[in-house]
Amino acid sequence: MALALAANTVLVAQSDGGILLFDAADFSAKKQLQPAGKSEPHQLVTNGQWFAILYHNGKLVVVDASGTTHRLLDNDVSAVVFDADNQLLVADRGTRLTTYQSDGFQVVDQIEPQLDVLNGAYRYVVLPIYVCFPKPGELGNVVTY
């Protein structure tokens, strides 16, 4: 579970993936969401207006403090933080850093190193094979099915 406070709203990210929003003054329930399935929250950051919740499955969900708007921003995210200019910095796909505006979440900048031979081979050869064919630990499930 993770807790955060922004603009008179308390956000509780539960271990079952649910998000609860409460009024900070009287703790009355505002809204309940389940935007990323049943994955556990990994990281929760806020800039006073927005909450960014990163889940263990790599999904990044952004919820405004009133609870009226929530967006799934990205998948395969490993870290998230708001900077001093209230921009959202997102580390995703292993080596890429994406900067989003906090008012419309438009992409401001993306920084990614050039793909070397080893990483290129992994991304375009090994990973597709790994996704397409059953893993040794799951072979029993495939045979049973």
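Right above here is the structure, for reference.
All residue numbers here refer to positions counted from 1 along the written sequence of the relevant chain. Where totals are concerned, whole chains, interfaces and linings use all residues; where local detail is concerned, this predicted model gives features only for residues with pLDDT of at least 70, and gives and counts side-chain atom pairs only at 80 or more. Based on all heavy atoms of the structure, the side-chain values leave hydrogens and waters out of the count.

Right, let's talk about the pattern of salt bridges for a bit. Throughout this description, the term salt bridge denotes a Lys or Arg side-chain nitrogen within 4 Å of a carboxyl oxygen of Asp or Glu. Tallied over the full model, the rule gives 2 salt bridges. Taking the shortest distance from any N to any O, the salt bridge between R96 and D92 comes out at 2.7 Å. Across this residue pair, the class does not change: R96 and D92 are buried. The closest approach of N and O atoms between R123 and E112, which form a salt bridge, is 3.7 Å. Only protein chains enter the accessibility calculation, which uses a 1.4 Å probe; a residue is then buried when its area is under 20% of its type maximum, exposed when over 50%, and partly exposed in between.

Right, let's get into the pairing of strand β10 (residues 88-92). The helix count covers DSSP runs of H or I at least four residues long, the strand count covers runs of E at least two residues long, and both are numbered beginning at the N terminus. Alternating positions in β10 separate cleanly, L88, V90 and D92 being buried on one face and L89 and A91 remaining unburied on the opposite face. Both strand β9 (residues 77-82) and β10 contribute to a ladder of 5 bridges, which runs antiparallel. When the bridges of β10 are listed, V80 appears paired with V90. A pair of strands is considered paired only if DSSP assigns at least 2 bridges between the two. Bridging between β10 and strand β11 (residues 96-100) involves 5 bridges; their strand directions are antiparallel.

Before going further, it helps to examine the nonpolar core. With 15 residues, the main nonpolar core has L11, I19, L44, F51, I53 and V63 as its most contacted residues. Elements with a minimum of two residues in this core: β1 (2-6), β2 (9-13), β3 (19-23), β6 (50-55) and β7 (60-64). Other than its neighbours up to four places away in sequence, I53 contacts L11, A13, I19, P41, Q43, L44, K59, L60, V61 and V63. Working definition of a nonpolar core: buried Ala, Val, Leu, Ile, Met, Phe, Trp, Tyr and Cys residues. They are joined through side-chain atoms within 4.5 Å. Should any heavy atoms of two residues lie within 4.5 Å, those residues are considered in contact.

It is worth spelling out the sheet that holds β7 at this point. In spatial order, the strands read β5-β6-β7-β8; together these 4 strands make up an open sheet with antiparallel pairing. Both outer strands of the open sheet, β5 (41-46) and β8 (70-74), are each paired with one neighbouring strand and no more. Looking at each pair of strands side by side, their axes are set apart by 25° on average, direction ignored. Pairing of β7 with β8 involves 4 bridges; the strand directions are antiparallel. The residue of β8 that forms the bridge with V62 is R71. Here the axes come from fitting lines to C-alpha atoms, over the contacting stretch only for helices, and the angles between their N-to-C directions go from 0 to 180 degrees.

Shape is all these values report; function is a separate question.
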